[in-house]
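Here is how the chains run, residue by residue.
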Amino acid sequence: MITEILLWSAIAIIVMAGCYNTTLFILSRRRMRRGRGPRRPRLYVFLLACLNEERVLGESLARITALPAGNFMALVIDDASDDGTAAIARAAIQRNPPGKVHLLQRHLPNARKGKGAALNAGIRHLREGGLLADYDPSEVIVCVVDADGRLDQHVVQAVDPYFDDPRTGGTQIGVRMYNRDKSTLARLQDMEFVIYGDIFQSARRYIGSVGMGGNGQFMRLAALDSLLGPDGAGPWSDSLTEDLDLGVRLIARGWVNQHCTHAAVSQQAVLDVKRLVRQRSRWFQGHLQSAGLVPLILREVPTRPAVDLLYHLSSPVLILLTSLLPLAFLVAVGGAVVGSVQAGYPLISPSWVVGPYILSFTAAYLYAFVYTRREKNLGLLRAILLSHLFILYGYIWFAAGWWGLWRMLTGKQTWLKTART
Amino acid sequence: MYGKPVLGTVLPTAGLMAAPQVIPGLPYAEGLQEAAGAGFLLYVATAIAMLSLKLWFHLRNSGEPS
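Keep in mind that what you see is a predicted model, and the values were worked out from it rather than measured.

Caption draft 1: Examining the domain arrangement of chain A more closely. Residues and elements named next belong to chain A. Its domain assignment divides chain A into domain 1 (43-272) and domain 2 (324-394). Computed over C-alpha atoms only, the centres of domain 1 and domain 2 are separated by 37 Å. Listed per partner, the contact involves 16 residues of domain 1 and twelve residues of domain 2. Of the roughly 1,400 Å² buried at the junction of domain 1 and domain 2 (both faces included), carbon and sulfur atoms supply 69%. For domain 1, the biggest contributors to the area lost against domain 2 are Arg187, Leu188 and Met191; these three give 40% of the whole. Our enumeration of links across domain 1 and domain 2 arrives at four salt bridges. The salt bridge partner of arginine 374 is aspartate 198, with a shortest N-O separation of 2.7 Å. In this assembly, domain 1 and domain 2 are joined by eight residue pairs in polar contact (both at pLDDT 80 or more). It is helix H6 (residues 184-207) that provides the largest number of residues to the side of domain 1 that touches domain 2, a total of 13 residues. Per-class residue counts for the side of domain 1 that touches domain 2 are seven nonpolar, three polar and six charged.

Caption draft 2: How the structure looks around the packing of aromatic side chains. Residue and element names in this part refer to chain A. In the structure shown here, the tally under the stated rule is 15 aromatic pairs over all chains. Seen from their ring centres, tyrosine 357 and phenylalanine 361 are 5.2 Å apart, and the 25 degrees between their planes marks the pair as stacked. Taken together, the residues tyrosine 357 and phenylalanine 361, both in helix H13 (residues 351-374) and four residues apart, mark about one turn of the helix. Under the relative-accessibility criterion, tyrosine 357 is labelled partly exposed at 33%. When its relative accessible area of 9% is taken as the criterion, phenylalanine 361 is described as buried. Arranged with centres 5.8 Å apart and planes meeting at 25 degrees, the rings of phenylalanine 390 and tyrosine 393 form a pair that is stacked. Of this pair, phenylalanine 390 and tyrosine 393 both sit in helix H14 (residues 380-393), three residues apart, roughly one helical turn. Accessibility classification places phenylalanine 390 together with tyrosine 393 in one group, the buried group. One aromatic cluster is present, formed by Tyr20, Tyr196, Phe200 and Tyr311 through successive ring pairs. One cation-aromatic arrangement involves arginine 30 over tyrosine 206; the distance from NZ or CZ to the ring centre is 4.8 Å. Lying across the ring of tyrosine 178, arginine 150 places its NZ or CZ 3.6 Å from the centre.

Caption draft 3: Expanded view of helix H3 (residues 85-95) of chain A. All names here are of chain A. Along H3, the residues that are buried comprise Thr85, Ala86, Ala89 and Ala92. With its buried residues spanning 120 degrees around the axis, H3 presents them on a single face. Every exposed residue of H3 that faces more than 90 degrees away from the buried side is listed here: Gln94 and Arg95.

Caption draft 4: Region of the structure containing unusual backbone geometry. Residues and elements named next belong to chain A. With an omega of 15 degrees, the peptide bond running from leucine 108 to proline 109 counts as cis. By the element assignment, proline 109 lies in the loop between strand S3 (101-106) and helix H4 (115-128). In this model, asparagine 52 sits at a positive phi of 55 degrees, which is unusual for a non-glycine residue. Examined against the element boundaries, asparagine 52 turns out to sit in the loop between strand S1 (43-50) and helix H2 (57-65).

Rules and cut-offs
- Residues numbered from 1 in each chain as written.
- Chains lettered and ligands numbered in written order.
- Predicted model: local features only at pLDDT ≥ 70, side-chain atom pairs only at ≥ 80, totals over all residues.
- Heavy atoms only, no water.
- Domains from an automatic or database assignment.
- Contact = heavy atoms within 4.5 Å.
- Buried area = accessible area lost by both parts, 1.4 Å probe.
- Salt bridge = Lys/Arg side-chain N within 4 Å of Asp/Glu carboxyl O.
- Polar contact = N/O pair within 3.5 Å; in protein donor to acceptor, adjacent residues only side chain to side chain.
- Helix = DSSP H or I, 4+ residues; strand = E, 2+ residues; numbered from the N terminus.
- Nonpolar A, V, L, I, M, F, W, Y, C, P; charged D, E, K, R; others polar.
- Phe/Tyr/Trp six-rings, centres within 6.5 Å; stacked < 30°, edge-to-face > 60°.
- Buried < 20%, exposed > 50% of the residue type's maximum accessible area, 1.4 Å probe, protein only.
- Lys NZ or Arg CZ within 6 Å of the ring centre and 35° of its normal.
- Arc of directions from axis to C-beta.

Okay, structure coming up:
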């Protein structure tokens, strides 16, 4: 009896998550009505936290400075790079009109303390340098872009209307992979970000729990100011996933986070499985660290977004638990094959294939539908095949999860930065 | 977290309950799935406790004069 309860409880994880995913898919298809306020001219400040980014920084800066946005500036925060990152930033300063590009160089031992610390130093530099003195913090929009981030040219025009609503604290744009045609692994990462943005983030607008990402994160300066600590500590925390942390704290402060589906930032996909798992282990570890946000969510966040955020923050636990299931599947199928050979007749019943397929791959059809809306040239059949592969690709989170847990238990906190190619 | 889509798409061993016990390795497969199930029951218990706490905060805050 107990055995049966436990076996069915394991299936219940998949059913629960499947129901959640389906609900969010339905919500994501609804049209969103935005609150409006008066249109105001705003200053856009692009922050690029860089550690050894000479390979990609030039292209990103060129795209930012070519944006058709009237009032903007870019700040490169060089986090004690060993390479030519600072030289590339200086060249961009020379090339552009005065005041458009700025460079902040951090030096060891105060540098390389993580992305959050670098971004905090950037905001401090802008304030202390008087660069924001003439602006109302409510009309200054700070955008965090990765050094390899290539923003859509219309990004400011797409994001700006969201800030007409004075309650909007932050707006996250979509994330794509600009090298998605290079390999299947890159294509699957692109699919992962499209599905996350177009289903999960879009649906969370209705729930009020939109998360912030590390790339393409637009925030109102007044909202960031509301997160300053009593000791003057900056808005970003030292968590490995400072973006997740910031998004939750904005909601807890009463701000509304938005997700903009009309513009995206394209970044470089990781082309090597080992490096990809390493990157995801860092995100997973950061997610585990974010468990510290639970008391804040319980106290300060309204019930509906709080329930979603609690599910979101607890998803690493579910990932670790469900990682045992494909392992059990493999052991059982392997055993059945061996047993069938020994017995001389098949021991596998059709329910071993049909049940797991329905539970595992039904979502693939929804994901294929969503992805073809972005990649119209792909074709539905190819997208369906790709999304089957995507389901299996998701299993990298199991390896990343256990690695991340191990790093947390052994007290490892270093910034496992993903190298550019 | 970007890994969330994977949660609803895991390959389970749905036929374990009806599988003939002569299959080698089956107890290990069952053990793994039972461990996941036990973990999930603990997760549900924790979730209920947290949601109760959230409800308590909600009721307390709504009762406060504005």
